[in-house]
Amino acid sequence: MNTLRKNYVRPLDFKHGRVDMSHGSGGRAMAQLIEELFATAFANEYLAQGNDGALLPPSAGRLVMATDAHVVSPLFFPGGDIGCLSIHGTINDVAVMGAQPLWIAASFILEEGFPLGELKRIVDSMAAAAREAGVPVVTGDTKVVEQGNADGVFITTTGVGVVSEGVLLSGDRARPGDAILVSGTLGDHGMAIMSKRENLSFDAPIVSDTAALHGLIAALLATGADLRVLRDPTRGGLATTLNEIARQSGVGMLLEESAIPVKPVVAAACEFLGLDPLYVANEGKLVVVCGAGDSERLLAAMRKHPLGRDAAMIGTVREDAHHFVQMKTSFGGRRIVDWLTGEQLPRIC
Amino acid sequence: MKYVDEFRDGDVAKGLAAAIAVEAKRARNYSFMEFCGGHTHAISRYGVSDLLPVNVRMIHGPGCPVCVLPIGRIDLAIRLALDHGVILTTYGDTLRVPASGGLSLLKAKARGGDIRMVYSTADALKIAREHPQREVVFLAIGFETTTPPTALAILQARQEGLKNFSVLCNHVLTPSAITHILESPEVRQYGTVPLDGFIGPAHVSTVIGSRPYEHFAEEYRKPVVIAGFEPLDVMQAIRMLVRQVNEGRAEVENEFSRAVTRDGNLKAQRLVSEVFELRRSFEWRGLGEVPYSALQIRPRFAEFDAERRYTLTYLPVPDNRACECGAILRGVKKPQDCKIFGTVCTPENPMGSCMVSSEGACAAHYTYGRYKDFVVKMPARREAAA
Amino acid sequence: MCLALPAQVVEISGNDLGVVDLGGVRKEISLALIDDVAVGDYVIIHVGYALTKLDPEEAAKTLALFAEMGPVETQIQ
């Protein structure tokens, strides 16, 4: 329970108030914003220290740090918002390294004129996501920029985690013969965003898959299986992630198109816009490369977990000096799944 | 998705592949051109070529309106945005096409041009209504499929009395392009085009019908089979073409009968001829000047014609000298035959029309099929050692 | 070229506008280029406009043709 300091004549007006330049100036207005909004929402012992930096306890094990800037537009979309997205994204970046996420730092760039009510929604969503994941936001920063210089709000999150002894996950560890798995359906997040973009609106029950994956990953590590690579296929989709791994590991891949899980409504939305689901962003999915003998065990572990119900094996790693990711199409022919060229744009042709 | 998934069935594909292999005479080579970029895309994306016998070869034609859009026309659009301060609305396909001065529409946007992607002409009209104090120009591209929507937009603008809306028209026509491929002066330069028939465009044909191809099949003695968009449609059309060649016929057949009739969409055709008229000649990137192959807005709609509304000077921009698009578009050369394919010229840095959009022959091969170029180089001993 | 899709008309509003459904995705489009369309019909959609109606009988015939094996005579080469 927080007691409002009498220094603030009026509490923050979340109904009609807007961010203005004073909120970033370091003075009282900013202190009030931090206290009444951020600190209240994130509430934990580290923030309560009230210092510029958080003093953290020592960790047993190698540390992982990851950082991410979030500039998604629209800020609110079916299944989530920029707030929970930023928490999930950073937790996932840390967790795919095999680390248990411990702490998050969050910095905000706010656009002058941004409604405080929307900011509160976003911050509350972040706080809920952090609480649910058991990873506190221990320190942060706020700046305000003039109107027109930010899309409402940009959030940068940095996460730190600790890796257990003996765990080694890295993009260069894929070997010919390995199995390639995914934890569920692809393209949900990107198409949920598309469905809300102003100039491409359509009504479709597509919901972002944004989620913290550290629980699912812990379940995979607990099987003791031979995990080589873990990655979450965010921007650029599955295709980009697989091409990255192929290049890093110096291998090729062969995928089975009919085995790649895509929700029918997502496939239809992609058809509408001329997009390929393999290149559409995901925010709650895992790509797993493992020793061939472990694929069944890992699939079973994923399917037991709420975030891995639709897990599937989608291909194998093979030798290829050119690092091509090839695919047997459901039609029976073959093609490569190449790197993304620029940004995927909806097309008429 | 109904009427989509059934036409992509892999098991049926096997049956069709077997049927084609049986009907294609072993002693003969068959070369068919699919005119439409959408067919090129389907063939590459589904790997249809893998299911054809080696003596049946597909040649990728110029049927991609973005590919054949001359750089000079994109420059006009960029100038409108940067110099005249208009809101330039466009379909997504044109945004990344490199134009002069290291610019593209996307890069011009980064320089401050108000360039907005729209899904439909209706969106462009909406923008014009919402910004009455700004000039709005719609960059119109496309074959006969995309022209009726532009015609409707202009008629709608007139009906509403919109004072700030105009169209930069780059609509082109299919039959004239096919004719040009077969009879242009360049044919002498490149040698006879080894084409045995055409796969006719799917959606263009829903608008213009199958009739326009009849004169053309008769005149040049080449069979035309209009095919739907899905890979099974394409394979069936190839089977029908093989059969026509074997039987010595040169007819127009319609595989896409579920959406194409002989007359086409008369209402759409009427609307188009109300708003547009033929240009005497128009430059096609990769093909040069093609007579009576494009449309311009009729004088009575002059206020909606960006070319009349703004003083625009068109400057043609030649392609890289090493670019082989002219030969590739006519089926005389393959992408791999071009010296700059895959090195200087890639989808990120396209030098000519065939690489510009994912449906150009070079782009399709690069994006989906270039692994085949390397197959020969992988030595057999690797398999034994694995 | 011409990315166009078959979708089912699920709603017809006034003003030549309607809503189509493709695999669960709905979009408002213009029906101004065609006449005589009813809810339940399938149409081909391109850049926000219905270009033509799809004929279910012809679709069925086409699918049947795919499955047909070629004339036996042509097999002798």
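Residues numbered from 1 in each chain as written. Chains lettered and ligands numbered in written order. Predicted model: local features only at pLDDT ≥ 70, side-chain atom pairs only at ≥ 80, totals over all residues.

It is worth spelling out the overall build of chain A at this point. In terms of regular secondary structure, chain A is built from nine helices and 13 strands. Judged by the C-alpha coordinates and their principal axes, chain A covers about 70 × 55 × 35 Å. When burial is assessed residue by residue, chain A has 50% of its 349 residues classed as buried. Of all intrachain contacts in chain A linking residues separated by at least 6 positions in sequence, the fraction that spans at least 24 positions is 85%. (Helix = DSSP H or I, 4+ residues; strand = E, 2+ residues; numbered from the N terminus. Buried ≥ 20, exposed ≤ 12 C-beta atoms within 10 Å, placed from the backbone. Contact = placed C-beta atoms within 7 Å.)

Another point: the environment of His322(A). One can find His322(A) in the loop between strand 11 (312–318) and strand 12 (325–328). A residue is classified by how many C-beta atoms lie within 10 Å of it, and His322(A), with 13 of them, is partly exposed. Along the sequence, His322(A) and Arg247(A) sit 75 residues apart, while their C-alpha atoms lie 8.7 Å from each other. Excluding residues within four positions of it along the chain, His322(A) makes contact with Gly252(A) and Phe374(B).

Let us look at the nonpolar core. Residue and element names in this part refer to chain A. One finds Val 153 and Ala 269 to be the most contacted residues of the largest nonpolar core, which totals 261 residues. Here this core gathers at least three residues from each of two domains, domain 1 (21–52 + 59–163) and domain 2 (179–336). In this view, Val 153 contacts Leu 75, Ile 82, Phe 108, Ile 109, Leu 110, Glu 111, Phe 114, Leu 119 and Ile 122; residues no more than four positions away in its chain are not counted. (Core = buried A, V, L, I, M, F, W, Y, C linked by C-beta atoms within 7 Å. Domains from an automatic or database assignment.)

Right, let's get into the interface of chain B and chain A. Listed as interface residues are 42 residues of chain B and, on the opposing side, 24 residues of chain A. Listed by contribution, the elements that provide at least two residues to the side of chain B that touches chain A are helix 1 (10–23), helix 2 (37–46), helix 16 (361–369) and helix 17 (371–375) of chain B. For the side of chain B that touches chain A, the leading source of residues is helix 2 of chain B, giving five residues. Its residues assigned to classes, the side of chain B that touches chain A comprises 19 nonpolar, twelve polar and eleven charged. (Nonpolar A, V, L, I, M, F, W, Y, C, P; charged D, E, K, R; others polar.)

Right, let's get into the packing of helix 6 (residues 214–222) of chain A against helix 9 (residues 295–304) of chain A. Packed helices, taken two at a time, are described by their axes: the angle between them and the distance between them. Residue and element names in this part refer to chain A. Running from amino to carboxyl end, helix 6 crosses helix 9 at an angle of 145°, the nearest separation of the two axes being 9 Å. For the pair helix 6 and helix 9, the sense of crossing is right-handed. Contacts between helix 6 and helix 9 pair Leu 216, Ala 219 and Leu 220 from the former with Leu 298, Ala 301 and Met 302 from the latter. Looking at the contact of helix 6 with helix 9 residue by residue, the class counts come to six nonpolar, no polar and no charged. (Axes fitted to C-alpha atoms, helices over the stretch in contact; angles between N-to-C directions. Left-handed = near helix turned anticlockwise from the far one by under 90°.)

A few words on the pairing of strand 11 (residues 281–284) of chain B. Residues and elements named next belong to chain B. As judged from the four bridges shared by strand 11 and strand 12 (residues 288–291), these two strands associate in the antiparallel manner. Its bridge partner being in strand 12, Phe 282 is matched across the sheet by Val 290. Linking two consecutive strands that pair antiparallel, namely strand 11 and strand 12, is a turn of three residues; a positive phi of about 95° is found at Gly 286 within it. (Pairing = 2+ DSSP bridges.)

Residues and elements named next belong to chain B. Among the residues of helix 10 (residues 212–220), Pro 212, Tyr 213 and Ala 217 are the ones counted as buried. Seen from one end, helix 10 has its buried residues packed into an arc of 115°, which puts them on one side. Opposite the buried face of helix 10, by more than 90 degrees, sit the exposed residues His 215, Glu 218 and Glu 219. Elements that come into contact with the buried residues of helix 10 comprise helix 7 (174–183), strand 7 (197–200), helix 9 (202–208), strand 8 (224–226) and strand 9 (252–254). Of the residues trailing helix 10, Arg 221 is marked for its positive phi of about 55°. (Arc of directions from axis to C-beta.)

Given a rise of 1.5 Å per residue, twelve residues ought to cover 16 Å, and the 17 Å separating the end C-alpha atoms of helix 1 (residues 56–67) of chain C matches this to within 8%. Among the residues of helix 1 of chain C, those classed as buried are Ala59(C), Thr62(C) and Phe66(C). What you see down the axis of helix 1 of chain C is that its buried residues fit within an arc of 60°, all on one side. Exposed side chains of helix 1 of chain C directed beyond 90 degrees from the buried face belong to Glu57(C), Ala60(C), Lys61(C), Ala64(C) and Ala67(C). At its buried positions, helix 1 of chain C is contacted by helix 1 and helix 11 (231–246) of chain B. (Expected span 1.5 Å × (residues − 1).)

Residue and element names in this part refer to chain A. Domain annotation of chain A identifies domain 1 (21–52 + 59–163) and domain 2 (179–336). For domain 1 and domain 2, the distance between their C-alpha centroids amounts to 27 Å. Across the boundary between the two partners, domain 1 contributes 19 residues, which contact 20 residues of domain 2. In terms of residue count, helix 3 (residues 82–95) provides more of the side of domain 1 that touches domain 2 than any other element does, seven residues in total. Across the side of domain 1 that touches domain 2, the residue classes tally to twelve nonpolar, seven polar and no charged.

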